[in-house]
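# Geometric and topological summary
Residue strings, one per chain:
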Amino acid sequence: PLSHWGLAKQGDALDIGLAVAGMALYSAYFVAACLWRLNLVPYRQPLFLAVATAGACFSCYLLYVLKFILGDFCIVCTGFHCVNFSMFAVALFEFFDSGTSGKGGKRA
């Protein structure tokens, strides 16, 4: 829960667990993918990059905890971390490709 890191008070409505936070992240990715071309959100590339960066950094932290503190390995966890790192790569490509001229995706 978020209270573990001091981000919410224990028992508070915002004291969500890792599974709920992950479902919220992947749900947000799904909704964003469905609405990407509609341009409803200003600065969507930097926002996507910020969220994906946070996800990748948190995955690094969780991998550290799993490997060095718990001394364990989880194939399901590793799969989710690979998805997070892939989303980070996609966000980087989207962010640096946002300066296209609109002519077939080629830079001006």
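Residues numbered from 1 in each chain as written. Predicted model: local features only at pLDDT ≥ 70, side-chain atom pairs only at ≥ 80, totals over all residues. Heavy atoms only, no water.

## Notes on the side chain of Ser 59
Looking at where Ser 59 falls in the secondary structure, it is placed in helix α2 (residues 44-69). Within the local environment of Ser 59, its side chain forms a polar contact with the side chain of His 81, the two groups lying 3.1 Å apart. Reaching out from Ser 59, the side chain makes a polar contact with the side chain of Asn 84 at a distance of 2.7 Å. Not counting chain neighbours up to four residues away, the residues in contact with Ser 59 comprise His 81, Asn 84 and Phe 85. (Helix = DSSP H or I, 4+ residues; strand = E, 2+ residues; numbered from the N terminus. Polar contact = N/O pair within 3.5 Å; in protein donor to acceptor, adjacent residues only side chain to side chain. Contact = heavy atoms within 4.5 Å.)

## As for a nonpolar patch on the surface
The grouping of Phe 30, Val 31, Leu 35, Leu 38, Leu 40, Val 41, Leu 47 and Val 51 at the surface amounts to a nonpolar patch, some 740 Å² of accessible area in total. Tallying contributions element by element places helix α1 (residues 18-35) first for the nonpolar patch, with three residues. (Patch = residues over 30% accessible without salt bridge, like charges linked within 9 Å, V, L, I, M, F, W, Y side chains within 5 Å. Areas by Shrake-Rupley, 256 points an atom, 1.4 Å probe, with all protein chains shown as cover. Salt bridge = Lys/Arg side-chain N within 4 Å of Asp/Glu carboxyl O.)

## Description of the nonpolar core
One finds Leu 25, Tyr 29, Trp 36, Phe 48, Leu 49, Ala 52 and Ala 91 forming the largest nonpolar core, which totals seven residues. Contributions of two or more residues to this core are made by α1 and α2. For this core, the element with the highest residue contribution is α2, accounting for three residues. Dropping the residues within four chain positions of it, Leu 49 is found in contact with Phe 88, Ala 91, Leu 92 and Phe 95. (Core = buried A, V, L, I, M, F, W, Y, C linked by side-chain atoms within 4.5 Å. Buried < 20%, exposed > 50% of the residue type's maximum accessible area, 1.4 Å probe, protein only.)

## Here we look at the packing of α1 against helix α3 (residues 75-96)
At a minimum axis separation of 13 Å, α1 and α3 run at an interaxial angle of 40°. Overall, the two elements α1 and α3 adopt an arrangement that is oblique. The element α1 and its partner α3 pack so that their crossing is left-handed. Residues Leu 25, Tyr 26 and Tyr 29 of α1 form the contact with α3, whose own contacting residues are Phe 80, Val 83, Asn 84 and Met 87. Its residues assigned to classes, the contact of α1 with α3 comprises six nonpolar, one polar and no charged. (Axes fitted to C-alpha atoms, helices over the stretch in contact; angles between N-to-C directions. Parallel < 35°, antiparallel > 145°, perpendicular 65-115°, else oblique. Left-handed = near helix turned anticlockwise from the far one by under 90°. Nonpolar A, V, L, I, M, F, W, Y, C, P; charged D, E, K, R; others polar.)

## Brief notes about the packing of aromatic side chains
Counted according to the given criterion, the structure contains six aromatic pairs. Look at Phe 58 and Tyr 61: their rings are 5.8 Å apart centre to centre, the planes differ by 35°, and that puts the pair in the tilted class. A residue pair is termed a helical-turn pair when its members lie 3 or 4 positions apart in one helix, as Phe 58 and Tyr 61 do in helix α2 at three residues. A relative accessible area of 33% places Tyr 61 in the partly exposed class. Here the aromatic rings of Phe 95 and Phe 96 are separated by 5.2 Å at their centres, their planes lie at 80°, and the arrangement is edge-to-face. Residue Phe 95 is classed as partly exposed on the basis of its relative accessible area, which comes to 29%. Through a chain of ring-to-ring contacts, three or more aromatic side chains come together here, namely Tyr 26, Tyr 29, Phe 48 and Phe 80. (Phe/Tyr/Trp six-rings, centres within 6.5 Å; stacked < 30°, edge-to-face > 60°.)

This is a description of form; function is not addressed.
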